[in-house]
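Chain by chain, the residues:
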Amino acid sequence: MSIAAETSLAVIRGELEAVAAYVSASGLELDCAGLCSENLRFVVKFLNAGDVAFHVEFECVDYPLYPPVVEFVNAGRTQRGLRNLYPQGFHTSPCICMRYNRKAYAERGGPHGDWRLLDWRLPSGNGVGIDSLALMVSDLHSKIRHSNGTMA
Amino acid sequence: MNDSTDNSSIRTEEHPHPPRLLYIRIQTPRGLWSLDEPKDASKRPEYPPSTKIEQVIIDVRSVFGFVEQDSKYTLLRGGEILDPGRTLASYQIKDGTLLVLSVQGGNA
């Protein structure tokens, strides 16, 4: 099962309005310049407690049927998923171990065989269900801003 | 005939003013809380300067339906994390200041 790229693009563009408002108010940076139906990606730059920059890429193929692949990348986007690109406090596999990250699911090589991709909007425990791109950005904003240093 | 008014019996009454209210704006992942957004908000972000940050967090959560207790809610000004136990005045927050509510959904 999949979604036409044009459909995903329309949904992403709609949600990016809320992302842009949140990012602007928070002093973060949003780069969606290359976003198109052939490239359903955007990047947000966060700062940790020591004002060290971290870049997170959201690759949104089949969004919103399935969650994006959310991964830390370097500023030039030539490296991804390395421990030295992660802030402290994240799953050391390394992985953003949340239902909104497709990488966390066992079917994508992640640790969670107990999660179903179609249920990606469900909350963790009794927390807020992270069911939009703006909430994903806010969740990461909170975690990164409260962290110090890098994982490696 | 003396037309002048005798004011000697008029005295100044105590005339306490209500505390001046600060209005702030708060951006959340579900939208902006301001004096006119969202349209159907049950309350508006106007506070005495002595209001604690924790009360503002409670209010903005209620406006946007962030009812879940197991999430972490933080109010920020730019990159500065605001201490819930401190007051708006202690941060010298002024009218129109834009704050941010970050919502953390669970463990990473």
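About the thresholds
Residues numbered from 1 in each chain as written. Chains lettered and ligands numbered in written order. Predicted model: local features only at pLDDT ≥ 70, side-chain atom pairs only at ≥ 80, totals over all residues. Helix = DSSP H or I, 4+ residues; strand = E, 2+ residues; numbered from the N terminus. Buried ≥ 20, exposed ≤ 12 C-beta atoms within 10 Å, placed from the backbone. Contact = placed C-beta atoms within 7 Å. Pairing = 2+ DSSP bridges. Core = buried A, V, L, I, M, F, W, Y, C linked by C-beta atoms within 7 Å. Axes fitted to C-alpha atoms, helices over the stretch in contact; angles between N-to-C directions.

### Observations concerning the overall build of chain B
Here is step 1: Check the secondary structure of chain B and you find one helix and seven strands.
Here is step 2: Listed N to C, the secondary structure of chain B is β-β-β-β-α-β-β-β in terms of helices and strands.
Here is step 3: Burial analysis of chain B (108 residues in total) assigns 28% to the buried set.
Here is step 4: Across chain B, the fraction of contacts at a sequence separation of at least 24, relative to all contacts at a separation of at least 6, is 65%.

### What to know about the pairing of strand S4 (residues 69-73) of chain A
On any regular strand, side chains alternate: one points to one face of the sheet, the next to the other face.
All names here are of chain A.
Here is step 1: Judged by how many residues are buried, S4 sits mostly within the fold: four of five residues are covered.
Here is step 2: Pairing analysis gives five bridges linking strand S3 (residues 53-59) to S4, with the strands arranged antiparallel. If you follow Phe-58 over to S4, its bridge partner there is Val-70.

### Regarding the nonpolar core
All names here are of chain A.
Here is step 1: Counting 59 residues, the largest nonpolar core has Val-56, Met-136 and Val-137 as the members making the most contacts within it.
Here is step 2: The element contributing the most residues to this core is helix H2 (residues 133-145), with seven residues.
Here is step 3: Leaving out residues up to four positions away in the same chain, Val-56 has contacts with Val-43, Val-44, Phe-46, Val-70, Phe-72 and Leu-140.

### Notes on the sheet that holds strand S2 (residues 41-47) of chain A
Residues and elements named next belong to chain A.
Here is step 1: Read from one edge of the open sheet, four strands run S1-S2-S3-S4, paired in antiparallel fashion. Sheet topology places strand S1 (29-31) and S4 at the edges, where each strand pairs with a single neighbour. Geometrically, the sheet is characterised by an average inter-axis angle of 25 degrees between neighbouring strands, direction not taken into account.
Here is step 2: As defined by bridge partners, S1 adjoins S2 across three bridges and the pair is classed as antiparallel. When the bridges of S2 are listed, Glu-29 appears paired with Lys-45.
Here is step 3: On the sheet, H2 packs against S2, S3 and S4 and is oriented at approximately 30 degrees with respect to S2.

### Digging into the environment of Gln-88 of chain A
Residues and elements named next belong to chain A.
Here is step 1: Tracing the backbone through its elements, the reader meets Gln-88 in the loop between S4 and H2.
Here is step 2: Along the primary structure Gln-88 and Ile-144 are separated by 56 residues, whereas in three dimensions their C-alpha atoms are 8.1 Å apart.
Here is step 3: Not counting residues within four places of it along the chain, the set of residues in contact with Gln-88 comprises Ser-147, Asn-148, Gly-149, Thr-150 and Met-151.

None of this, on its own, says anything about what the molecule does.
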